[in-house]
Amino acid sequence: MIGLISATSAGAAARDRLAAAWPDRTRVYEGPVGDAVRAAFAECEQLVCFLATGAVVRLMAPLLRDKAADPGVVCVDEGGRFAVSLLGGHAGGANELAAQIGELLGAEPVVTTATDAVGVAGLDTLGLPVEGAVAAVSRALLDGEPVALEAELAWPLPPLPVAERGEYTVRITDRTVEPGPREVLLRPPSLVVGVGASRGAPVEEVLELIGSALTEAGLSVASVARLATVDAKSQEPGLVGAAERLGVPLIAHPASELAGVAVPNPSDAPLAAVGTPSVAEAAALLGGGELLVPKRKSAGSPAMATCAVVRRPARGRLAVVGLGPGARDLVTPRAVAELRRASVLVGLDQYVDQIRDLLRPGTRVLESGLGAEEERARTAVAEARAGHAVALIGSGDAGVYAMASPALTEASDDIDVVGVPGVTAALAAGALLGAPLGHDHVSISLSDLHTPWEVIERRVRAAAESDLVVTFYNPRSRGRDWQLPKALAALAEHRAPSTPVGVVRNASRPDESSRVTTLAGLDPASVDMMTVVTVGNTATRQIAGRMVTPRGYRWQASAEEGAR
């Protein structure tokens, strides 16, 4: 919950805007400011104070306890100009909250956390439990001192400016090692604990069994990702309670699935009870991994629980990101977030140049020239399979004549794939032309590098006969100067010479140009590969110089009838 506190009418107005926008996330604290701050500090995970920062500092100073426990605090000035992340920037989420408030209220987020100020990912913001000398290692990263990364397990982390050797170390491990004086341990969620239990097994017995199994194997409880069991035991109180105490989900699998998992220690007892010869080992191993702790029983008499521990393979992450048509303000916030999250960026060199300044320090960039799409797709998938967080970029929308198709052809279910939509060239061109895509439409690439011309021509004729608005991508190049005239001729068999045609070059870029002509008036020689050509259907009209396709023929007929 986010506590909202104000002292003046101006602050209350901004406070109420926030409360109206986030009714389920916020609580307004009325009354004397000091009392309100103390109550909200004790009850809320985050606070937004519409007060001067000095006043908030004095009010909160006696309340501060621990960096990990204190709420995140954002101060907003009464003019609504700035949203200042004052306390708990990382642990309390105040930095992110300041950005959200800034977007909602039109305020400038002010973040002074050192790592955020220089674009380095904070070690306590990576989404993993962290132990050790966080402040010292973070300072070394900021000062450019060599910090070594020792990855005992591959894991898809954001970029870190690390070196092969250094006096400071970031270690990724699920083992119960103690960090050195200049070392940070990151705990990846790499362990799956399979559990079985008799009816009525106590929570304490289940937890003691899991704890002893991890301790004897030298494994950290902070790396437990989930507990897993058979579906017949999904509501067993001892297992549900153990998962809640550990702060991890309890995942239940059908007995039929578990019965198909090869295990070293099958048993007739669970087969008779729940329909599978193994619960603990099979549930832990389902999905693959290395069995670190074979099935063991709890110390009760009789034993009422079993467990097994598996180290699951790291799943790399591939984000296929559409950058839009070229303008920076048409790159979506989600795309920017994925670019900053990726430790490896793969892309065409000219697209990399467009967004290079958005990358975090330490990002590894793998760029190549035109014509290497399949190679880039293979490279991106291979890097993800190696356990990295990868962003594969393309212009427009990554799924429209871009990198999503070749990448997903290469990818299998051993990596996580995220698609990030982008503004397509057709949409960017359509916005400049007016509303040419107001009714049914189709996009067709005239490049025959990947598709035989006979197939392209058949699709053009089908679109012509179906009276669809057609957007042509890759309409004409130096070596392909005859396809566009043939495509236009096919459309002309079904459409009047006066049919509006929009021609847009370099949509959204500094040298963009757009014009509306007609099917008879378009000179194919004026078109190149940087151009999008949109041909209207029989209902498309020029209205006040804009190209408009009505949403429906009935609407069009009514409008024309009313104009008579």
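Residues numbered from 1 in each chain as written. Predicted model: local features only at pLDDT ≥ 70, side-chain atom pairs only at ≥ 80, totals over all residues. Heavy atoms only, no water.

### Let's talk about helix α7 (residues 203-217)
At step 1: Between its first and last C-alpha, α7 extends 21 Å over 15 residues, near the 21 Å set by a 1.5 Å rise per residue.
At step 2: For α7, the set of buried residues is V203, E205, V206, L207, L209, I210, S212, A213 and L214.
At step 3: On the buried face of α7, the contacting elements are β11 (191-197), β12 (224-230), α8 (237-246), β14 (290-297) and β15 (305-311).
At step 4: Trailing α7 by a residue or two, G218 shows a phi angle of about 70°, which is positive. (Helix = DSSP H or I, 4+ residues; strand = E, 2+ residues; numbered from the N terminus. Expected span 1.5 Å × (residues − 1). Buried < 20%, exposed > 50% of the residue type's maximum accessible area, 1.4 Å probe, protein only. Contact = heavy atoms within 4.5 Å.)

### Digging into the sheet that holds β15
At step 1: If you walk across this open sheet you meet the five strands as β13-β12-β11-β15-β14, and the pairing is mixed. Edge positions in the open sheet fall to β13 (250-253) and β14, since each of these has one partner strand only. The average angle at which neighbouring strand axes cross in this sheet is 25°, direction not considered.
At step 2: In this structure, β12 lies alongside β13, joined through four bridges in parallel fashion. Note on β13: the bridge partner recorded for T229 is A252.
At step 3: Contacting β11, β12 and β13, α8 runs over the sheet at an angle of about 175° to β12. (Pairing = 2+ DSSP bridges. Axes fitted to C-alpha atoms, helices over the stretch in contact; angles between N-to-C directions.)

### So, the pairing of strand β10 (residues 183-186)
At step 1: The side-chain alternation of β10 yields two buried faces, one formed by E183 and L185 and the other by V184 and L186.
At step 2: Pairing geometry for strand β7 (residues 130-132) and β10, over three bridges, is antiparallel. Looking across to β10, one finds that E131 is bridged to L185.
At step 3: As defined by bridge partners, strand β9 (residues 168-172) adjoins β10 across four bridges and the pair is classed as parallel. Note on β10: the bridge partner recorded for V170 is V184.

### Remarks on the sheet that holds β10
At step 1: The strand order across the open sheet built from four strands is β7-β10-β9-β8, with neighbouring strands paired in mixed fashion. What marks the edges here is a single partner per strand, and that holds for β7 and β8 (147-151). For this sheet, the mean angle separating the axes of adjacent strands, direction not counted, is 20°.
At step 2: With five bridges connecting them, β8 and β9 associate as parallel partners. By the bridge assignment for β9, L149 is matched with V170.
At step 3: Sitting on the sheet, helix α6 (residues 134-143) is in contact with β7, β8, β9 and β10, with an inclination near 115° to β9.

### Section: the pattern of salt bridges
When the charged atoms of two side chains lie near each other, side chains of opposite charge can form a pair.
At step 1: Under the criterion given, the structure shown has 28 salt bridges.
At step 2: With a closest N to O distance of 2.8 Å, R175 and E152 form a salt bridge. With a gap of 23 residues between them, R175 in the loop between β9 and β10 and E152 in the loop between β8 and β9 connect regions that are remote in the sequence.
At step 3: Residue classification places E152 among the partly exposed positions, given a relative accessible area of 37%.
At step 4: Counted as one network, the salt bridges with shared partners bring together E150, E152, R171, R175 and E183. (Salt bridge = Lys/Arg side-chain N within 4 Å of Asp/Glu carboxyl O.)

### Some details on the nonpolar core
Nonpolar side chains tend toward joint burial in soluble globular proteins.
At step 1: In this structure, V193 and L227 are the most contacted members of the largest nonpolar core, which totals 23 residues.
At step 2: Among the secondary structure elements, those contributing two or more residues to this core are β11, α7, β12, α8 and β15.
At step 3: Among the elements that make up this core, the one with the highest residue count is α7 (seven residues).
At step 4: Not counting residues up to four positions away in its chain, the partners in contact with L227 are V193, V195, I210, L239, A242, A243, L246, V248, P249, L250 and I251.
At step 5: By size, the runner-up hydrophobic cluster in this structure holds 21 residues, among which are L446, V460, V470 and L522. (Core = buried A, V, L, I, M, F, W, Y, C linked by side-chain atoms within 4.5 Å.)

### Some words on the environment of A327
At step 1: Mapping A327 onto the fold places it in the loop between β16 (317-322) and α12 (333-341).
At step 2: Judged by relative accessible area, which is 14%, A327 ranks as buried.
At step 3: Considered as a pair, A327 and S508 are 181 residues apart in the sequence and their alpha carbons are 5.3 Å apart.

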